[in-house]
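Tertiary structure, described
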Amino acid sequence: MQEFVFFISGKVKKPLTIDPTVWIFDERKIDLTTFFESDMQLEQENDLIHYTQKISQQFDKEMLEGSEPPNPNRDSNRIKYNRQELINGSFGMPLRSFIRNAAPYEDVQSIIVETTENQHVTLPIEKADYLIAAFSDNGKPLHQDGPVHLYVADGVSQTAIKRVKQLSFV
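Residues numbered from 1 in each chain as written. Predicted model: local features only at pLDDT ≥ 70, side-chain atom pairs only at ≥ 80, totals over all residues. Heavy atoms only, no water.

The name recorded for the protein chain in an unreviewed UniProt entry is Peptidyl-prolyl cis-trans isomerase, from Shouchella miscanthi.

This is the structure:
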């Protein structure tokens, strides 16, 4: 049986083993259909700054309006809608934060994408901020040609590298 994980390795300080099946619950995932149809761009701002701004806005709101305890009965319709969206959606995860956590060394020049069929695709390191790993197609994991498909969301191409099992920094 094929492993359903992929790896970030090579010239990195912290090699990673990533299980894309848990990303369906991650708020950072993006809807690939909407992303490619609308020519959206990946956020390029600093993750810490973005997080700090969101937390500050929530803090300001709670200071002005007060906090509200969770009501389990309030969001019943929204939960059903989100469940339906998860069942039918095609999702991907921007890999920028994972690559930053792996901490590639400064002398890295390129990324070698290795597939389960032992094919190798070389990408320049400049493309690292534009990588998206697709992990779901029409609500189903990519069991046939996964574990992930890799897209370079730089506005040039929408072609996926399928059956990705490792990103190796060299």
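Brief notes about the overall build of the protein chain
When its secondary structure is counted, the protein chain shows four helices and ten strands. Ordered by position from the N terminus, the helices and strands of the protein chain form the series β-β-β-α-α-α-β-α-β-β-β-β-β-β. For the protein chain, the residues scored as buried account for 34% of the 170 residues in total. In the protein chain, the share of contacts with a sequence separation of at least 24, taken over all contacts with a separation of at least 6, comes to 66%. When the accessible area of the protein chain is evaluated, it comes to approximately 11,200 Å², of which 51% is carbon and sulfur surface. (Helix = DSSP H or I, 4+ residues; strand = E, 2+ residues; numbered from the N terminus. Buried < 20%, exposed > 50% of the residue type's maximum accessible area, 1.4 Å probe, protein only. Contact = heavy atoms within 4.5 Å. Areas by Shrake-Rupley, 256 points an atom, 1.4 Å probe, with all protein chains shown as cover.)

Some points on unusual backbone geometry
Positive phi is not limited to glycine here, since Asn-118 has a value of about 60 degrees. With respect to the element layout, Asn-118 can be found in the loop between β5 (110–115) and β6 (120–124). Judged by relative accessible area, Asn-118 falls into the exposed class, the value being 53%.

Considering the nonpolar core
Judged by nonpolar contacts, the single largest core of 27 residues is most densely connected at Trp-23, Leu-95, Leu-131, Leu-150 and Leu-167. Secondary-structure elements contributing two or more residues to this core are β1 (6–10), β4 (91–94), α4 (96–102), β5, β7 (131–137), β9 (148–152) and β10 (161–169). Considering every element that reaches this core, the biggest residue donor is β10, with four residues. The contact partners of Leu-95, leaving out residues within four places of it in the chain, are Phe-6, Trp-23, Leu-131, Ala-133, Leu-150 and Leu-167. (Core = buried A, V, L, I, M, F, W, Y, C linked by side-chain atoms within 4.5 Å.)

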